[in-house]
Each structure stands twice: as C-alpha cells, then as structure tokens.
Amino acid sequence: IPIPGAHMVSNTLAAAAVCGVVTGSLDGVGGIEAVSLSSHRMRTIDLGRCIVVDDSYNANPTSMVAALDALASMDVDQRVAVLGAMAEIADSDEQHRNIAAEAAQRGIDVVAVGTSAYGQPPAEDVIGVLRGLTAGSRRVGIIVKASRSAQLETVAAEIISAFGS
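In short, a report on the structure.

Each value, and the rule that gives it
- Residues numbered from 1 in each chain as written.
- Predicted model: local features only at pLDDT ≥ 70, side-chain atom pairs only at ≥ 80, totals over all residues.
- Heavy atoms only, no water.
- Salt bridge = Lys/Arg side-chain N within 4 Å of Asp/Glu carboxyl O.
- Helix = DSSP H or I, 4+ residues; strand = E, 2+ residues; numbered from the N terminus.
- Buried < 20%, exposed > 50% of the residue type's maximum accessible area, 1.4 Å probe, protein only.
- Pairing = 2+ DSSP bridges.

### Structural notes on the pattern of salt bridges
Scanning the model with the defined rule gives 6 salt bridges in all. In this structure, aspartate 46 and arginine 139 form a salt bridge, with 3.0 Å as the shortest nitrogen-oxygen distance. With a gap of 93 residues between them, aspartate 46 in strand S1 (residues 43-46) and arginine 139 in the loop between helix H4 (126-134) and strand S5 (140-145) connect regions that are remote in the sequence. With a relative accessible area of 23%, arginine 139 lands in the partly exposed category. Arginine 148 is the partner of glutamate 153 in a salt bridge, and the nearest nitrogen-oxygen pair spans 2.7 Å. According to the relative accessible area criterion, glutamate 153 is buried, its value standing at 18%.

### Thoughts on the pairing of strand S2 (residues 50-55)
Counting buried positions over the 6 residues of S2 gives 6, a clear majority of the element. Relative to S2, S1 is paired through 4 bridges, and the arrangement is antiparallel. Residue pairing in the sheet places threonine 44 in a bridge with valine 53 of S2. Joining the antiparallel neighbours S1 and S2 is a turn of 3 residues, in which glycine 48 adopts a positive phi near 95 degrees. Direction of pairing for S2 relative to S5: parallel, over a ladder of 6 bridges.

### Remarks on unusual backbone geometry
Look at glutamate 88: it is not a glycine, yet its phi comes out positive at around 60 degrees. Inspection of the secondary structure assignment puts glutamate 88 in the loop between strand S3 (78-83) and helix H3 (92-105). Phi at glutamine 151 is positive, roughly 55 degrees, even though this residue is not glycine. Along the chain, the position of glutamine 151 falls in the loop between S5 and helix H5 (153-164). Given a relative accessible area of 48%, glutamine 151 falls into the partly exposed group.

Spatial relationships are all this shows, so hold off on functional conclusions.
Here it is as structure tokens:
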C-alpha cells in the first residue's frame, strides 16, 4: 500500500475483507496499490533531505502513537514530530504528556504548536526551531499532527515550502 504506517495495514485488510464479502472474490484487491487518502492524512512529501508527513487532519491518543510509530520506522537520521492539540479528549493534559513520553521513547524530538500541554512552551517560529534541531542531519523525517481545530495544515505547508527550497 502506498501509505506509510503499520496502522494502515489493518485498514487495508478490512477493505480486502469487504471486497471478498461483497464480490465473492479478491480480484479487486490489486487496486489497493492506487489508493489515496483524503487531504492531510499521512500525505508524504519527499523533499530529498527531508521527508514531511502531513497528518494534520485529526488526532487522538491512538492515532498519535500510530503516527509516531510510522515516523520511527522511517529510514532517516533524525525524526521530529510537530504536534498540536488533541481536542475533545478526556484527561487532556495527561494524554498530551503521554504522547510526549511516547515520542521520547522512540527518539523523536517534539515541537509543540499552539499548546503547552506536551510539557514545553509552544514554538513561535516552527521553521526556525526545525532548522535548529535538524542542522547537520543528512536526512530528516518530520510528521505534522493535531486535531482539525489546531489547523496545522498551514504549518505543514510552511514546512514543505521552507525545506523544499
């Protein structure tokens, strides 16, 4: 499947199962190679020195951990998660701190945007912080993830523009 992340495997298998039940055959499963997700869901842009994954469409603790796992599996020298708020969750501060701990366990630097819930002040100059964190790295993986209300798709676009030139 052309979408990063082990968490996409269960979605793919579910689609294959539905195909088999509805059509009585798995002949249509080959079309999975051409699947695409809606905008801002694990959209991967390879800029050479930098791979940016725009997953800014939505976030909850489970999808955050899945995104961190996808980033951790990338063949890069350094990994950075640009994270905004997870809205509409219980125990919000604790859940955000847990995500920061999960990132640290995977060797992923966190840049918080618009929230201090990850245990650090929010970055005011995301591009500047990213440039400082990634200076000297040969290849960098960056994932951008938050709930829709955080509107981090604009940050993802800024990162793509800044690191693409």
